[in-house]
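The lines below spell out each chain.
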Amino acid sequence: MAAFDAFFLDRDGTINRKAAEGSYVTSPSELHLLPGTGPAVAALNASGAKVFVVTNQRGVARGLMGPADVEAVDAQLDRLLAAHGAHVDAYYVCPHETGTCDCRKPLPGLLLQALARHPGLSPARCVMVGDAETDVDAGLAAGTRAVRLAPGGTPSRAEACYPDLAAAVAALLA
Ligand SMILES: [Mg+2]
Ligand SMILES: [Zn+2]
């Protein structure tokens, strides 16, 4: 039996390069995988666990992009990952403004949606991985484990910090 049921991955700053503060990845050409990400996701796939992307995209609520733009970016992510033999099982997106929904991280709604749609998954056998403390909090609120991509020594409620997704995956699957 696989050690993990599912990995919940944040998108921007975890899988791909983050846009500048206050701006958003709004088109496929702005999507750039972070180093080591393709093989890391392929390793998660090979472990037998599901891989879900859970991402806040408030730029939709702000009118900076539409839902179709988010889908186009996620489709490009699928293509970039496929080049590494990697795939995402499902995307869960919060397009809402802060304080208007129950799915914008740090709230756990996106993870709870995924868990509801995949009733075989045990939260305690899932891990949330993200570069922000809001990712960690969303995971913990959903009952999953949580690791953060941040320099060592960063104050965090995560069980561990790693410099990037590749390092986190190597440690979790070791
Ligand atoms: Mg992020
Ligand atoms: Zn939301």
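On a predicted model such as this, the values are computed, not experimentally measured, just so you know.

K.L.:
Any chance you could break down the overall build of the chain for me, citing the residues and the numbers?
P.N.:
Scanning the chain from terminus to terminus reveals 5 helices and 6 strands. Each helix and strand of the chain, placed in order from N terminus to C terminus, yields the pattern β-α-β-α-β-α-β-α-β-β-α. Taking 16 Å as the expected radius of gyration for a compact globule of 174 residues, we find that the chain reaches 15 Å, a close match to that expectation. The C-alpha extent of the chain, read off along each of the three principal axes, is 45 × 35 × 35 Å. Taken across its 174 residues, the chain has 47% of its residues classed as buried. The contacts of the chain with a sequence gap of at least 6 include a subset with a gap of at least 24, amounting to 61%.

K.L.:
Give me the pairing of strand β3 (residues 90-94): which residues, what numbers.
P.N.:
Residues of β3 alternate between two faces, with Ala 90, Tyr 92 and Cys 94 buried on one and Tyr 91 and Val 93 left unburied on the opposite face. For strand β2 (residues 50-56) and β3, the ladder comprises 5 bridges, and the chain directions are parallel. By the bridge assignment, Val 53 is partnered in β3 with Tyr 91. In this region the chain leaves β2, passes through helix α2 (residues 67-82) and returns to the parallel neighbour β3; the handedness of that crossover is right-handed.

K.L.:
Explain the coordination of the zinc ion (ligand 2) to me, and be specific about the residues and the numbers.
P.N.:
The zinc ion (ligand 2) binds to the protein through Cys 94 (SG), His 96 (ND1), Cys 101 (SG) and Cys 103 (SG), with metal-donor distances spanning 2.1 to 2.3 Å. Metal-centred angles of 102 to 117 degrees between the 4 donor atoms at the zinc ion (ligand 2) mark the site as tetrahedral.

K.L.:
For the coordination of the magnesium ion (ligand 1), give the residues involved together with the corresponding values.
P.N.:
Each donor-metal-donor angle would ideally measure 109.5 degrees in four-coordinate tetrahedral geometry, or 90 or 180 degrees in six-coordinate octahedral geometry. Coordination sphere of the magnesium ion (ligand 1), protein contribution only: Asp 10 (OD), Asp 12 (O) and Asp 131 (OD), at 2.1 to 2.2 Å. The sequence motif formed by the donor residues of the magnesium ion (ligand 1) is D-x1-D-x118-D. Within this pair, whereas Asp 10 is found in the loop between β1 (6-9) and α1 (37-46), its partner Asp 131 is found in the loop between β4 (126-130) and α4 (133-142), the two being separated by 121 residues in sequence. On the accessibility criterion, Asp 10 (6% relative accessible area) is buried.

K.L.:
Account for the packing of aromatic side chains, naming residues and giving values.
P.N.:
If you walk through the whole model with that rule in mind, you get 3 aromatic pairs. Relative to Phe 52, the ring of Phe 8 has its centre 5.4 Å away and its plane inclined at 35 degrees; by these criteria the two rings are tilted. Of the two residues, Phe 8 sits in strand β1 while Phe 52 sits in strand β2, which places them 44 residues apart along the sequence. Given the relative accessible area of 0%, Phe 8 is considered buried. Among the residues examined, Phe 52 registers a relative accessible area of 0% and is labelled buried. Ring geometry for Phe 52 versus Tyr 92: centroids 5.8 Å apart, planes at 80 degrees, classification edge-to-face. In this pair, Phe 52 is assigned in strand β2 and Tyr 92 in strand β3, connecting sequence segments 40 residues apart. The same class applies to Phe 52 and to Tyr 92, which are both buried. Through successive ring pairs, a cluster of aromatic residues spans Phe 8, Phe 52 and Tyr 92.

Cut-off values and rules
- Residues numbered from 1 in each chain as written.
- Chains lettered and ligands numbered in written order.
- Predicted model: local features only at pLDDT ≥ 70, side-chain atom pairs only at ≥ 80, totals over all residues.
- Heavy atoms only, no water.
- Helix = DSSP H or I, 4+ residues; strand = E, 2+ residues; numbered from the N terminus.
- Rg over C-alpha atoms; globule rule 2.2 N^0.38 Å.
- Buried < 20%, exposed > 50% of the residue type's maximum accessible area, 1.4 Å probe, protein only.
- Contact = heavy atoms within 4.5 Å.
- Pairing = 2+ DSSP bridges.
- Right-handed = clockwise from strand over helix to strand, strands pointing away.
- Donors = N, O, S within 2.8 Å, 3.2 Å for Na, K, Ca; no water.
- Tetrahedral: all angles 85-135°; square planar, octahedral: opposite > 155°, others 65-115°.
- Phe/Tyr/Trp six-rings, centres within 6.5 Å; stacked < 30°, edge-to-face > 60°.

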